[in-house]
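Residue-level structural notes
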Amino acid sequence: MDLGRRLRRTSLSLLLFLLPTGLWADTAAFDLIGPKVEVRVQRDGRTLPISEVPNLQSKDRLWVHPDLPETQSVRYVMVVAFMRGATNPPPDSWFTRVDAWSKPVREEGIFITVPEGAEEAIVFLAPETGGAFSSLRNAVRGKPGAFVRAAQDLDQASLDRQRLEKYLDSVRESSIVDPEKMKAHTTLLARSLNMRLDQQCFDKPSAQQVPCLTQNTDQLVLDDAHSQNMVTTLTTGSPTDLLAQVSATPTARGGYYSAYVGAVVDVVRILGSAHTAQYQYIPALSLPKQDNLNLRLNSPPSFRNPKSVIVIALPLVRTAATPPLRAIDPAQVFCVDTPSLVLPADSAPLVFATALAHDLILHVETKSGPGIDLPAVPDPGRGGFVVDTKAMQSVALEGEVGGVIRGSWGFRPFDGPHFRLRSSTPGQWIVASKDASALIVGREDTLHLQSPDACCVSGVSFRDEKGKTAETSWKIAKPDELEVKVPLQTATAGTVAIVIHKLGSRPPDEIPLHTYSEAGRLDAFTIHAGDADGLLKGTRLDQVTSVDVDGLQFLPQTLSRANQQDELKLVSQDSAVNSRFHAGDSIMVRVALKDGRSLDLKTSVEAPRPRVTLLSKSVQSEPSAMPSQIRLESQGELPQDGRLNFFLKTQVPDNFPPSEKIEIATADESFRVLLSEKDGNLTRQDSKTVFAVLDPMKLLGPSAFGPLKFRPISVEGIDGDWQPLVTLVRIPVLEGVRCARGAETQCTLSGDKLFLIDAVSSDPDFTNAVSVPDGFVESELRIPSLKGTTLYIKLRDDPSTVVTADVPMLKTPQ
């Protein structure tokens with residue numbers, strides 16, 4: 001931590017003791033209902049209620065209607081003001097006085113056009129004193145920066161408050177409607193609205209869960225990059241406002257999750273600095289419902305000097321940023337015959353908390369015709385969009401098609417996430433080849449059934465040879481595969497059928513199968529000298545409870561089936577097992593079964609498996625021609641175009657044989673290579689130590705990435721244990737950073753293969769990080785403004801490690 005940051009933290013801790021005790025709770029309360037003000041926005045001949053407008057634009061025509069009651073005893077002057085930044089006072093013509101008590105205004109409202117060059121819009125409601133209009137105009141022109149920042153913070157706080165209100169209302173409603181599903185519902189709700197969720201609340205009794213989930217509301221709202229993208233702050237770099245920093249400290253009860261509290265405290269302080277003997281300014285949060293701004297105040301207005309002026313922020317005047325919605329699992333296939341189909345999505349909490357996204361549909365692309373539009377409703381409690389699929393009941397899709405969520409973000413149409421869709425059709429099911437003879441009576445077996453229509457299955461049942469039907473446990477293992485647990489504990493060998501029920505009115509599919517009786521049989525037991533585990537091969541090995549090998553007990557660990565037989569791995573926890581057996585020793589194996597019987601098998605100990613230890617390693621990187629080379633400071637990371645030098649020392653056998661090889665593989669073993677002396681990858685330093693060289697690009701190819709492991713392989717083909725080696729990472733090319741003039745909180749990173757980045761930040765703690773979405777194909781990425789020339793990056797191939805890169809600042813085109 002640098003000296004400046006340490007000084008700020010010390011100052012913040014001291015300030016906490018100097019602030020009034022109730023400041024944090026008071027600023028964030030906003031529980032008083034404010035006056036009713038209605039607003040509509042007209043653009044290009046189209047009119048929307050204020051609840052559906054995220055941003056204003058120049059030349060927008062605003063209809064503003066102060067809907068005060070007939071019994072209102074105090075006359076209010078409403079002033080609509082537009083501003084153009086902190087250092088440029090607005091002209092007098094950008095202020096509009098509205099006498100809220102006049103009959104034409106009360107009955108019809110007024111129309112105001114957003115002037116060219118405006119950046120912020122704010123509404124004041126002040127008690128009439130004879131000079132209210134000129135006083136407010138002079139206050140804004142005298143301190144434009146204070147009101148610009150207040151407008152921005154009020155807009156941000158209003159967006160965050162709408163998320164909080166949606167969360168609290170939904171939690172309380174779900175506790176009444178279906179308390180048994182409280183945890184699942186609230187988890188999806190928190191994901192959709194980007195809220196902090198305390199999992200310990202679910203360990204409490206049912207009656208205490210809702211109070212627990214809704215306490216400390218100022219800590220619940222997590223940062224939302226999208227809403228912050230919609231609000232431009234005036235500061236550069238990290239926030240420098242002292243109270244905003246305090247609100248983000250644990251001492252102030254905000255944790256590191258209180259962006260909402262920080263904005264509220266900030267706006268209260270800013271408006272407090274503009275107080276005069278005649279007027280004091282109190283903020284109002286907007287929680288729009290159709291035309292109504294639905295204002296909330298945090299303190300009661302005063303009608304004595306200093307009189308209270310209510311400050312209301314309208315949406316900022318700039319281009320709207322569309323919501324960055326993403327599908328939770330892009331590979332998942334959905335069945336359009338599902339009633340109330342739920343398409344999981346997240347990363348845009350404002351879509352679920354507000355009406356800013358409206359007229360939403362799921363556009364189903366058909367292979368002929370313009371496609372089909374289905375109504376879609378964002379439901380945070382169900383974790384995505386609920387689609388009305390009634391129109392699909394008479395439609396049969398041809399194979400798999402695509403679907404996209406479409407709608408309007410304010411006045412602007414946008415496309416959301418894409419989904420894979422199918423409809424229910426009579427399907428041809430294929431039994432996985434490994435399960436061709438897997439149905440053995442007397443036990444529960446697992447069957448894998450493959451069909452493109454797996455997503456449209458509603459149930460699976462089992463019918464035995466006598467026609468008796470039973471429900472089975474099943475799940476969708478892959479987009480085109482079902483995993484079915486077949487209960488054969490009491491079944492007899494013969495012909496059976498798996499009945500697959502489909503969504504919609506389609507008849508079920510039937511798959512005829514045959515069950516087999518299989519007597520237990522022991523084929524072989526293999527153990528190598530020095531090992532603590534062995535492998536038993538045979539049939540019906542699911543009946544094995546333990547194995548005794550010359551007095552040492554081995555217990556079952558994993559059971560698998562290959563080549564028409566069972567393979568059971570057994571492990572001994574006895575400390576003497578590694579030195580007990582020697583190559584060539586004859587041993588007696590006694591296998592205990594569940595029914596009390598035991599079977600004997602004679603075998604011999606195999607030769608010991610080769611073992612080596614890693615002595616040292618060194619990553620050699622090629623000098624980059626780019627000035628923005630990413631620095632991999634950890635020897636645990638190997639760039640794809642680099643080279644790894646490492647030394648190994650043999651443990652078994654005593655000397656490293658010239659014909660022994662070292663196998664290198666990725667974690668899933670989809671990429672592997674053998675290093676050998678013959679190929680020049682291994683060089684013996686002496687009889688026990690070998691020098692190895694790995695060129696990943698040449699030997700593993702450009703698609704290999706992630707953790708690499710190694711093991712020795714003897715000339716007889718006996719392999720040793722896998723050991724971790726290094727993490728192979730692919731490096732993007734970073735060309736530079738460009739920051740547009742006046743864009744003090746947003747810059748653009750240019751480069752190639754930016755999808756190889758998981759997240760990028762301007763600080764090592766990643767407090768203001770930007771995540772790179774899956775499938776990112778652009779050559780430019782918006783990032784937070786830099787404090788210097790150093791970027792902090794988490795690579796997609798190793799997101800647990802932070803690397804740095806010095807990037808040049810590129811000139812902004814004129």
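In this text, all values refer to a predicted model and were calculated from it rather than measured experimentally.

Tallying secondary structure elements over the protein chain gives 13 helices and 51 strands in all. The long-range share in the protein chain, meaning contacts at least 24 apart out of those at least 6 apart in sequence, stands at 67%. When the accessible surface of the protein chain is totalled, it reaches about 38,100 Å², and 49% of it is carbon and sulfur.

With that out of the way, let us pick up the side chain of Glu663. As for its placement among the helices and strands, Glu663 is situated in strand S39 (residues 661–666). Its relative accessible area of 3% is what places Glu663 among the buried residues. A polar atom in the side chain of Glu663 sits 2.7 Å from the side chain of Arg672. Those residues in contact with Glu663, other than ones at most four positions away along the chain, are Arg672, Val673, Leu674, Lys709, Phe710, Arg711, Ile713 and Trp722.

With that settled, the discussion passes to the sheet that holds strand S17 (residues 384–387). Strand pairs in the sheet, formed through backbone hydrogen bonds, run parallel or antiparallel to each other. Read from one edge to the other, the open sheet built from eight strands follows the order S12-S14-S17-S16-S15-S18-S19-S13, with strand pairing classed as mixed. Each of the sheet's edge strands pairs with one partner strand only, and the pair in question is strand S12 (326–327) and strand S13 (333–335). In terms of strand pairing, strand S18 (residues 401–409) meets strand S19 (residues 412–422) through eight bridges, oriented antiparallel. Across the sheet, the residue bridging to Val401 is Leu421, located in S19.

A word on helix H6 (residues 182–193). Counted at 1.5 Å a residue, the expected span for H6 with its twelve residues is 16 Å, and the 16 Å between its end C-alpha atoms agrees. Regarding H6, the residues found buried are Met182, Thr186, Leu189, Ala190, Ser192 and Leu193. Along the long axis of H6, the arc covered by the buried residues comes to 165°, so they all point the same way.

Enumeration according to the criterion identifies three disulfides in this entry. Note on cysteine connectivity: Cys335 is disulfide-linked to Cys456, with sulfurs 2.1 Å apart. Across the disulfide from Cys335 to Cys456, rotation about the S-S bond amounts to roughly 100°, and the bridge is consequently right-handed. Here Cys335, found in strand S13, pairs with Cys456, found in the loop between strand S21 (444–450) and strand S22 (457–463); they are 121 residues apart in sequence, far enough to count as distant.

To continue, consider the sheet that holds strand S44 (residues 723–729). Taken in spatial order, the five strands of this open sheet run S37-S44-S43-S39-S40, and their pairing is mixed. The open sheet has two edge strands with one neighbour each: strand S37 (637–639) and strand S40 (672–675). Here the average twist between neighbouring strands, direction ignored, is 30°. For S37 and S44, the ladder comprises three bridges, and the chain directions are parallel.

Turning to its location among the elements, Asn768 is positioned in the loop between strand S47 (757–761) and strand S48 (770–771). A residue is classified by how much of its surface remains accessible, and Asn768, at 39% relative accessible area, is partly exposed. The spatial distance from the C-alpha of Asn768 to the C-alpha of Ile783 is 9.0 Å, given a sequence separation of 15 residues. The contact partners of Asn768, leaving out residues within four places of it in the chain, are Val760, Ser761, Asp763 and Pro784.

Moving on, we get to unusual backbone geometry. The residue after Asn305, namely Pro306, is reached through a cis peptide bond having omega -5°. One can find Pro306 in the loop between strand S10 (295–297) and strand S11 (307–313). Looking along the chain, the bond that leaves Val652 and enters Pro653 is cis, with omega of -5°. Tracing the sequence through the fold places Pro653 in the loop between strand S38 (643–652) and S39. In this structure, Asn194 is a non-glycine residue whose phi angle is positive, near 55°. The partly exposed category is assigned to Asn194, whose relative accessible area is 23%.

Scanning the model with the defined rule gives 38 salt bridges in all. Here Arg443 and Asp566 are joined by a salt bridge, their closest N and O atoms 3.7 Å apart. Linking Arg443 in the loop between strand S20 (430–431) and S21 with Asp566 in strand S32 (residues 565–571), this pair joins segments that are 123 residues apart in sequence. Measuring nitrogen to oxygen at the nearest pair gives 3.4 Å for the salt bridge that ties Arg540 to Asp542. Residue classification places Arg540 among the buried residues on the basis of a relative accessible area of 13%. A single salt-bridge network, built from bridges that share partners, covers Arg443, Asp445, Arg540, Asp542, Arg561 and Asp566.

Let's shift gears to helix H7 (residues 206–213). Every buried residue of H7 is listed here: Gln209, Val210, Cys212 and Leu213. Relative to the axis of H7, the buried residues are bounded by an arc of 165° and lie together on one face.

On the surface, Glu735, Asp752, Glu778 and Glu780 cluster together into a negatively charged patch. Mapped onto the elements, Glu735 comes out in strand S45 (residues 733–738).

This part is about the packing of aromatic side chains. Here the structure, examined in full by the defined rule, presents eight aromatic pairs. Between Phe124 and Phe147, the aromatic rings sit 5.7 Å apart at their centres with planes inclined by 80°, giving edge-to-face as the arrangement. In this pair, Phe124 is assigned in strand S8 (residues 120–127) and Phe147 in helix H5 (residues 144–177), connecting sequence segments 23 residues apart. Given a relative accessible area of 1%, Phe124 falls into the buried group. The exposure class of Phe147 is buried, given its relative accessible area of 1%.

The rules behind each value
Residues numbered from 1 in each chain as written. Predicted model: local features only at pLDDT ≥ 70, side-chain atom pairs only at ≥ 80, totals over all residues. Heavy atoms only, no water. Helix = DSSP H or I, 4+ residues; strand = E, 2+ residues; numbered from the N terminus. Contact = heavy atoms within 4.5 Å. Areas by Shrake-Rupley, 256 points an atom, 1.4 Å probe, with all protein chains shown as cover. Buried < 20%, exposed > 50% of the residue type's maximum accessible area, 1.4 Å probe, protein only. Polar contact = N/O pair within 3.5 Å; in protein donor to acceptor, adjacent residues only side chain to side chain. Pairing = 2+ DSSP bridges. Expected span 1.5 Å × (residues − 1). Arc of directions from axis to C-beta. Disulfide = S-S within 2.5 Å. Axes fitted to C-alpha atoms, helices over the stretch in contact; angles between N-to-C directions. Salt bridge = Lys/Arg side-chain N within 4 Å of Asp/Glu carboxyl O. Patch = residues over 30% accessible without salt bridge, like charges linked within 9 Å, V, L, I, M, F, W, Y side chains within 5 Å. Lys, Arg positive; Asp, Glu negative; His and termini not counted. Charge placed at Lys NZ, Arg CZ, Asp CG, Glu CD. Phe/Tyr/Trp six-rings, centres within 6.5 Å; stacked < 30°, edge-to-face > 60°.

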